[in-house]
Amino acid sequence: MPREDYQQKLESLREDVLYMGEVVAERLRMGLDALEQQDDELGQEVIDRDSEVNELYLELEQDCIDLLALQQPVAGDLRFIASSFKIITDLERIADLATNLGEYAAEARYEVFPDVDVQRIGDETLEMLAMAMAAYEDEDADGCFAVAERDDDLDALCEDASEIIVRDLIEKEADDESEVEDLMADVSRLLLTVRDLERVGDHTVNIAARTLYMVDNSDELIY
């Protein structure tokens, strides 16, 4: 493969990873909107379109394998390809979590927990994802650390939300067994939503960590 063609394939890989990041962010936004609006149809659309992300992941995985097998890259190119492969894995998992939100949207009734701001937590995860992908695009080491630092804020938001849910559950009174079951179902879905959004944050930190490794050959953020 001529050198020019090889460099073009590397650049195409970067562009495709960034495109996958945009697609995944869109799915996450759709899942959050489905929850906020209690929109069954939008939630189902998120679920149905998960296959598109899976197909994109498989295509990029094969591109990474081909570059590794055919070119035997070293140094910076090797780190770039290996990091890109790990990043698309985290993006695919974020898409899976967005699909979970679509599934929760069909049944969740969050008006019984008005103090839990799921949208604020979701917006935080979307901003973190945008920061992580920008750091990847720009090869910005400082941006990687900024993502990791912001994850502490997200963790605090998720912890506060979980405490509110449990506190409100203790304070609520249910009139009959059916009402208790409905309340517990809402509690379970809401706790799962908070947990999944926290996991989105963890995956964005993974993206930042792999980007830092790609840029500076540093494993400081990898855990």
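These figures come from a predicted structure and were not determined experimentally.

Quick notes on the rules
Residues numbered from 1 in each chain as written. Predicted model: local features only at pLDDT ≥ 70, side-chain atom pairs only at ≥ 80, totals over all residues. Heavy atoms only, no water. pLDDT = per-residue confidence, 0-100. Helix = DSSP H or I, 4+ residues; strand = E, 2+ residues; numbered from the N terminus. Contact = heavy atoms within 4.5 Å. Salt bridge = Lys/Arg side-chain N within 4 Å of Asp/Glu carboxyl O. Buried < 20%, exposed > 50% of the residue type's maximum accessible area, 1.4 Å probe, protein only. Phe/Tyr/Trp six-rings, centres within 6.5 Å; stacked < 30°, edge-to-face > 60°. Lys NZ or Arg CZ within 6 Å of the ring centre and 35° of its normal.

## A short note on the confidence of the model for the protein
Residues of the protein with pLDDT of at least 70 account for 89%, and the chain-wide mean is 89. Within the protein, helix H5 (residues 118-138) carries the highest mean pLDDT (96), whereas helix H7 (residues 177-216) carries the lowest (88).

## Section: the side chain of Gln 119
For Gln 119, the position within the fold is in helix H5. Excluding residues that lie within four positions of it along the chain, Gln 119 makes contacts with Arg 29, Leu 32 and Glu 36.

## Topic: the pattern of salt bridges
Applying the stated criterion to the full structure yields 12 salt bridges. With its nearest N and O atoms 2.8 Å apart, the salt bridge here joins Glu 26 to Arg 27. For Glu 26, a relative accessible area of 37% corresponds to the partly exposed category. Residue classification places Arg 27 among the buried residues on the basis of a relative accessible area of 3%. By sharing partners, the salt bridges in this structure join Glu 26, Arg 27, Glu 45, Arg 49 and Glu 52 into a single network.

## Looking at unusual backbone geometry
Most peptide bonds take the trans configuration, and most residues that are not glycine carry a negative phi. Its identity is not glycine, yet Ala 75 carries a phi of approximately 50°, on the positive side. Within the secondary structure, Ala 75 sits in helix H4 (residues 75-105). The backbone of Glu 139 sits at a positive phi, close to 55°, despite the residue not being glycine. Residue Glu 139 is classed as partly exposed on the basis of its relative accessible area, which comes to 40%.

## A look at the packing of aromatic side chains
Counted according to the given criterion, the structure contains 1 aromatic pair. Arranged with centres 6.3 Å apart and planes meeting at 15°, the rings of Phe 80 and Tyr 136 form a pair that is stacked. Here Phe 80 is found in helix H4, whereas its partner Tyr 136 is found in helix H5, with 56 residues between them in sequence. The class for Tyr 136 is buried, based on a relative accessible area of 0%. One cation-aromatic arrangement involves Arg 14 over Tyr 136; the distance from NZ or CZ to the ring centre is 5.8 Å.

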